[in-house]
Structure formats: C-alpha cells, structure tokens
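Structural description and commentary
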Amino acid sequence: MSTEQPYSYRGRELVEPDWTRLPGWRDVSATDWESAQWQRAHCVKNVRQLRDVLGDGIAERFFADLERDQAERATMSMLMPPQMVNTMIPGVAPDEPGATKALYDDPVRRYMLPVFSDRRGDWPSHPYATRDSLHEHDMWVAEGLTHRYPTKVLAELLSTCPQYCGHCTRMDLVGNSTPQVVKLRFGAKPADRYEQMIDYLKRTPGVRDVVVSGGDVANMPFKNLEAFVDRLLEIDNIRDVRLATKALMGLPQHWLQDDVRAGMERLATTARARGVQIAIHTHVNHANSVTPLVAKAARAMLDTGIRDVRNQGVLMQGVNADAHELLDLCFALTDGAGILPYYFYMCDMIPFSEHWRVSVDTAQRLQHAIMGYLPGFATPRIVCDVPFVGKRWVHQLADYDHEHGISYWTKNYRTSLEGDDLDALQRTYAYYDPLHTLPSTGQDWWRQQVGAEAAGDHAAAEQAARSSREAAHAQAAGA
Ligand code: SF4
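Residues numbered from 1 in each chain as written. Predicted model: local features only at pLDDT ≥ 70, side-chain atom pairs only at ≥ 80, totals over all residues.

**Quick word on the overall build of the protein chain**
Across its full length, the protein chain holds 17 helices and 13 strands. Computed over its C-alpha atoms, the radius of gyration of the protein chain comes to 23 Å, within 12% of the 23 Å expected for a compact globule of 479 residues. The burial tally for the protein chain puts 42% of its 479 residues in the buried class. (Helix = DSSP H or I, 4+ residues; strand = E, 2+ residues; numbered from the N terminus. Rg over C-alpha atoms; globule rule 2.2 N^0.38 Å. Buried ≥ 20, exposed ≤ 12 C-beta atoms within 10 Å, placed from the backbone.)

**A closer look at the packing of helix α14 (residues 323-337) against helix α15 (residues 360-370)**
As a packed pair, α14 and α15 sit with axes 9 Å apart at the nearest point and diverge in direction by 50°. Classed by the angle they form, the pair α14 and α15 counts as oblique. Considering only the axes of α14 and α15, their crossing is right-handed. Across the interface between the two elements, Ala323, Leu326 and Leu327 of α14 pack against Leu366, Ala369 and Ile370 of α15. A class-by-class count of the residues in the contact of α14 with α15 yields 6 nonpolar, no polar and no charged. (Axes fitted to C-alpha atoms, helices over the stretch in contact; angles between N-to-C directions. Parallel < 35°, antiparallel > 145°, perpendicular 65-115°, else oblique. Left-handed = near helix turned anticlockwise from the far one by under 90°. Contact = placed C-beta atoms within 7 Å. Nonpolar A, V, L, I, M, F, W, Y, C, P; charged D, E, K, R; others polar.)

**A few points about the packing of helix α9 (residues 222-233) against helix α12 (residues 258-274)**
Look at α9 against α12: their axes get within 11 Å of each other, and the N-to-C directions meet at 0°. Considered as vectors, α9 and α12 are oriented roughly parallel to each other. Counted together, Phe222, Glu226, Val229, Asp230 and Leu233 of α9 and Asp259, Val260, Gly263, Arg266, Leu267, Thr270, Ala271 and Arg274 of α12 form the full contact between these two elements.

**Quick look at the sheet that holds strand β10 (residues 390-393)**
The 10 strands lie next to each other as β1-β2-β3-β4-β5-β6-β7-β8-β9-β10, forming an open sheet whose pairing is mixed. Here the strands that pair on one side only, and so sit at the sheet edges, are β1 (140-142) and β10. In this sheet, adjacent strand axes meet at a mean angle of 30° when their direction is disregarded. Note that strand β3 (residues 152-156) and strand β4 (residues 209-213) share 5 bridges and pair parallel. Looking across to β4, one finds that Val153 is bridged to Val210. (Pairing = 2+ DSSP bridges.)

**Re the domain arrangement of the protein chain**
Assigned domains of the protein chain: these are domain 1 (19-118), domain 2 (137-395) and domain 3 (439-478). Centre-to-centre, using C-alpha coordinates, domain 2 lies 35 Å away from domain 3. (Domains from an automatic or database assignment.)

**A closer look at the site of the ligand**
Inspection of the region around the ligand gives Cys161, Gln163, Tyr164, Cys165, Cys168, Arg170, Val174, Gly215, Asp216, Lys246 and His283 as its neighbouring residues. Residues that form the shell around the ligand fall into these classes: 5 nonpolar, 3 polar and 3 charged. (Near = placed C-beta within 6 Å.)

**Comments concerning the pairing of strand β6 (residues 277-282)**
The buried fraction of β6 amounts to 5 of the 6 residues, a majority that puts the element mostly inside the structure. Pairing analysis gives 5 bridges linking strand β5 (residues 240-244) to β6, with the strands arranged parallel. Looking at the pairing, Arg242 lines up with Ala279 of β6. Read as a crossover between parallel neighbours, the route from β6 over helix α13 (residues 292-303) to strand β7 (residues 308-315) is right-handed. (Right-handed = clockwise from strand over helix to strand, strands pointing away.)

**A short note on unusual backbone geometry**
Cis geometry is found at the peptide bond from Gly214 to Gly215, where omega equals 15°. Relative to the helices and strands, Gly215 resides in the loop between β4 and α9. A positive phi is found at Ile89, a non-glycine position, where the angle reads about 35°. With respect to the helices and strands, the residue Ile89 is situated in the loop between α5 (82-85) and α6 (99-105). Among the residues examined, Ile89 registers 27 C-beta atoms within 10 Å and is labelled buried. Of note in the backbone geometry, Phe352 takes a positive phi value of approximately 65° without being a glycine. Take Phe352: it is sitting in the loop between β8 (340-346) and α15. Residue classification places Phe352 among the buried residues on the basis of 24 C-beta atoms within 10 Å.

**A closer look at the sheet that holds strand β11 (residues 399-401)**
Taken in spatial order, the 3 strands line up as β11-β12-β13 in an open sheet, and their pairing is antiparallel. In this open sheet, the two edge strands, each paired with only one partner strand, are β11 and β13 (429-432). For this sheet, the mean inter-axis angle between neighbouring strands, taken without regard to orientation, is 25°. Pairing analysis gives 3 bridges linking β11 to strand β12 (residues 406-409), with the strands arranged antiparallel. Across the sheet, Tyr400 pairs through a bridge with Ser407, a residue of β12.

**Section: the environment of Met220**
Within the secondary structure layout, Met220 lies in the loop between β4 and α9. Along the chain, Met220 and Ile198 lie 22 residues apart, while their C-alpha atoms are 17 Å from each other. Those residues in contact with Met220 that sit more than four places away from it in its chain are Leu157, Leu158 and Leu225.

**Some points on the confidence of the model for the protein chain**
Model confidence for the protein chain is summarised by a mean pLDDT of 94, while 95% of its residues fall at 70 or above. Contacts for the low-pLDDT stretch residues 475-479, under 50 throughout, to residues beyond four places or in other chains number 1 contact. (pLDDT = per-residue confidence, 0-100.)

**Thoughts on the nonpolar core**
A general trend in soluble globular proteins is that nonpolar side chains are found buried together. Residues Val212, Val241, Val294, Ala298 and Leu315 are the most contacted members of the largest nonpolar core, which totals 118 residues. Ranked by residue count, the leading element in this core is α14, at 8 residues. Counting residues domain by domain, this core receives three or more from each of domain 1 (19-118) and domain 2 (137-395). When neighbours within four sequence positions are excluded, Ala298 is seen to be in contact with Leu248, Val309, Ala337, Gly338 and Ile339. (Core = buried A, V, L, I, M, F, W, Y, C linked by C-beta atoms within 7 Å.)

**A closer look at α12**
Between the first and last C-alpha of α12 there are 25 Å, a value that for 17 residues agrees with the 24 Å anticipated at 1.5 Å per step. Buried within α12 we find Val260, Met264, Leu267, Ala268 and Ala271. The arc enclosing the buried residues of α12, seen along the axis, measures out at 100°, which places them on a common side. Turned more than 90 degrees from where α12 packs its buried face, Asp258, Asp259, Ala262, Thr269 and Ala273 sit exposed. Buried residues along α12 sit in contact with α9, β5, α11 (252-255), β6 and α13. Where α12 terminates, the next one or two residues include Gly275, which has phi positive at roughly 70°. (Expected span 1.5 Å × (residues − 1). Arc of directions from axis to C-beta.)

Okay, here's the thing in structure tokens:
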C-alpha cells in the first residue's frame with residue numbers, strides 16, 4: 001500500500017506544439033497560423049489531405065484504417081482545423097520511430113479521427129442506439145428550438161461547425177452526410193427559423209435561459225449571431241444566454257479576430273446594462289488541446305465583459321475516462337486559460353459509439369475520484385443525459401440493474417412532450433451501459449433480446465425488458 005496521494009497536482013505551463021514538425025506545414029509562418037482565414041482554408045477534410053500534412057512517416061495501414069472507418073462506420077465526416085491537427089502527437093515528428101503507434105494512441109485522434117480498428121467488433125452499437133438519441137427533434141417547439149427543461153431552451157441556429165467530432169450527439173443533423181448517415185436538413189430558411197424562435201420566446205415567459213448553439217456559433221457570420229443575440233437581449237424574460245462553441249479550442253483564431261472581439265464586447269455591454277448574463281460554453285476533452293492560443297482566446301472573451309467561459313467535455317474511453325486525465329484537463333482549463341470546468345457528459349447512445357462509452361458505474365467511480373482536488377465551484381459534475389429526462393448527475397439514479405446494464409432514472413419536471421401526462425413524474429426512464437462491460441450472463445440476455453427484436457417479436461423483447469426491470473426493483477427493495 002502506498003501513502004501517496006492518488007493524484008499529485010503540479011502547475012503546468014501550456015505549450016503550443018510546433019506545427020513545423022508536420023511536413024505539410026513546415027513553411028507556415030506564425031502570422032498565417034494565427035489567421036482564422038488561413039486555418040479555415042487549410043482544414044483537413046479527407047484522408048489525402050491528412051496524408052499530405054503528416055507525410056510518409058505514418059504507416060499506410062493507419063490511413064487505410066481511417067478510410068475504412070469513413071466508409072463503414074463514421075457518423076461524422078472528417079473536418080479538423082490545423083490548430084486541432086497540431087495537438088495530436090504533440091512533440092512527435094511523424095517520421096520519428098513510433099509515430100504511428102503514438103498517433104493510434106493519441107487521445108485527440110481517438111475522438112476526432114476514429115479508425116475502424118477503434119470500434120468494437122462484438123457490439124459496435126448498442127441495440128437501442130438511435131440517431132437523435134436525446135429526442136431533441138421531438139421536443140422542437142419551432143424548427144431547431146428544443147424545449148426540454150421548463151426554464152431553458154436550446155436554439156440550434158445552424159448545422160455546421162469548424163470541426164466535426166466523431167462522437168457528436170447531434171450526428172443526425174450536424175455536418176455532411178456520410179456513407180452511413182444521410183443528415184437531416186432544416187426545412188425553413190434561417191431568417192424564418194430565427195423569427196419563429198424569437199416569437200416563441202416572447203410568448204413563453206417561463207423560459208429564462210437560452211443556449212445558442214448548432215453546430216457551432218463560430219460558423220455563423222458574426223453580424224448574424226450578434227443580431228440574434230441582440231434580439232434575445234430585448235426579451236424581458238431572458239436572463240441567461242450561453243453561446244456554444246467548440247471552436248474556442250478548435251479554432252481559437254476565430255475568437256481572436258478584431259471584429260469578433262469588438263462584437264462580443266458590444267453584446268457583453270448590452271447584456272450587462274440589462275442585467276443578463278452571457279457566457280461561452282466550449283467543449284474540450286483533453287489537456288493537450290489547451291494551448292496558449294486557446295488560453296489567449298478564452299481570456300480575450302473574458303476581457304470583453306462576458307460572465308464566464310465554461311467547459312462541457314464528453315467522457316470517453318481512450319480519451320479521458322481516467323481520473324488523472326480528467327484532473328489534468330480541469331487544471332489546464334482553470335489555471336492556464338481561466339475556463340471553468342463545468343460538466344462532463346457521458347457519451348450518448350448514438351450508433352457506433354460503444355467503444356467510447358463507459359458504464360454509469362465507471363462514471364460514478366470517476367466522479368468520486370476527482371472530488372476534493374479542484375475548488376468546489378470548478379469541480380465538474382459528470383452527468384448522464386437520460387433520454388426523455390435530461391441531464392442527471394451520475395449518482396442520482398433510482399435503480400441499477402448491473403447484470404443487464406440498465407439504470408433507471410426519475411425526473412422532477414415535464415418536458416414539452418408531457419404537458420398533459422399525469423404519470424410523467426412517477427415513471428422511471430432507462431439508460432443503458434455499453435454491453436461489452438456486462439457480465440457474460442447480461443450479454444447473453446441482450447443477445448436474446450436482439451434475436452427477439454430481429455424476429456419481429458417486439459412484445460417479447462419489451463416483456464423481457466420489463467421483467468428485468470421488475471427484478472431490479474425487487475432487488476433494490478430487498479437491499
Ligand atoms: S463541435 Fe459540437 S456540434 Fe460540432 S461536431 Fe463537435 S460535438 Fe458536434
């Protein structure tokens with residue numbers, strides 16, 4: 001037994017990896033690198049472009065693995081700004097011995113450029129995985145406006161981002177179609193959709209909080225974003241506005257542009273005068289992504305007078321599902337960049353995500369392991385986004401059937417789907433662990449359910465699920 005602390009804190013200086021180690025960007029100047037236009041024009045969008053950047057040092061089998069994934073598994077098309085590409089294998093030149101293995105093992109690569117061999121062969125998807133796993137579209141009150149919680153809405157202004165993450169929850173809508181997934185498209189024109197959203201918010205005084213999202217708001221011409229947020233700020237009941245942008249990390253150059261900074265300053269000034277809080281919510285999953293340029297962009301945003309910059313990461317196996325990785329990331333965010341660690345979401349049940357997902361049990365252990373190191377206000381909550389419920393802290397479950405990997409959750413509000421449902425608050429809602437984490441008896445049980453469903457016997461499958469749930473209840477009651 002060791003008496004050492006499980007985690008030892010050490011302040012770390014942020015580092016911008018040297019992009020000239022990558023053959024394709026050997027001659028790129030600092031001026032070009034720091035230009036948002038240059039970054040956008042040199043995004044990596046396909047295997048050929050990635051090969052051009054990384055050169056011949058990376059083994060061909062890696063590119064073949066990536067190509068196969070794009071054809072047979074990917075739910076998101078490839079899109080990575082140079083800023084993000086440069087945070088993979090930091091400090092390693094692609095022609096060094098071991099670079100291919102380092103690339104395979106790299107945490108940023110694992111979620112931004114998934115390869116076929118990353119995915120599970122036994123259970124690549126959970127049987128209940130769905131495209132819109134959180135049923136956000138079912139809760140649209142205007143096209144792209146999800147009203148799930150009583151006081152909050154999510155406004156999806158656009159369906160593109162400067163970077164596409166392999167695990168994107170909104171894979172149904174966001175990004176380009178892939179061979180596996182034909183993307184949904186908004187039907188109405190953006191201006192009409194925004195008008196309908198504003199109209200709904202004006203006539204719904206119970207809503208006080210708007211998450212302005214997409215996609216990523218960094219892909220909207222700033223004047224259009226500013227015009228929309230200005231209209232939100234005119235609505236008396238809106239007290240909180242959060243702008244969702246992973247690009248603060250993926251393309252910090254965007255947020256460092258003079259016109260964007262000036263525009264954010266105008267918005268922050270108006271918001272302050274009206275007593276409204278504006279914050280930026282970003283999405284960083286690993287400490288390697290927090291570079292000096294990211295810190296500079298976050299501080300530039302704080303300097304405009306907005307309330308806060310907060311991080312909502314996603315918990316993923318092979319990326320950050322480890323207490324040390326999570327704490328390293330949180331300290332890099334808060335010490336290095338002034339970004340508040342806020343949430344880690346469990347990876348949602350979209351198709352082909354099983355290799356990233358962890359069980360609720362693992363999430364609970366991770367939450368326990370990261371407590372006590374960060375200030376309380378900067379200790380992130382690990383949350384499970386339970387379909388038809390919403391975000392629940394991972395310790396909030398009502399029941400847990402470990403054998404079958406089914407957790408049961410309750411809620412204390414009605415979503416927009418249950419306005420007249422008397423039983424909504426008495427019901428329990430299920431969430432499912434990745435099947436490869438279950439004991440063999442649990443996996444066998446699921447194989448039978450999949451067989452029954454495949455044979456069209458939905459009633460039998462539903463009955464089996466119900467019996468399993470009742471057994472879990474009985475077990476919980478007897479415990
Ligand atoms: S930035 Fe957000 S919305 Fe865009 S692909 Fe990544 S997870 Fe999806």
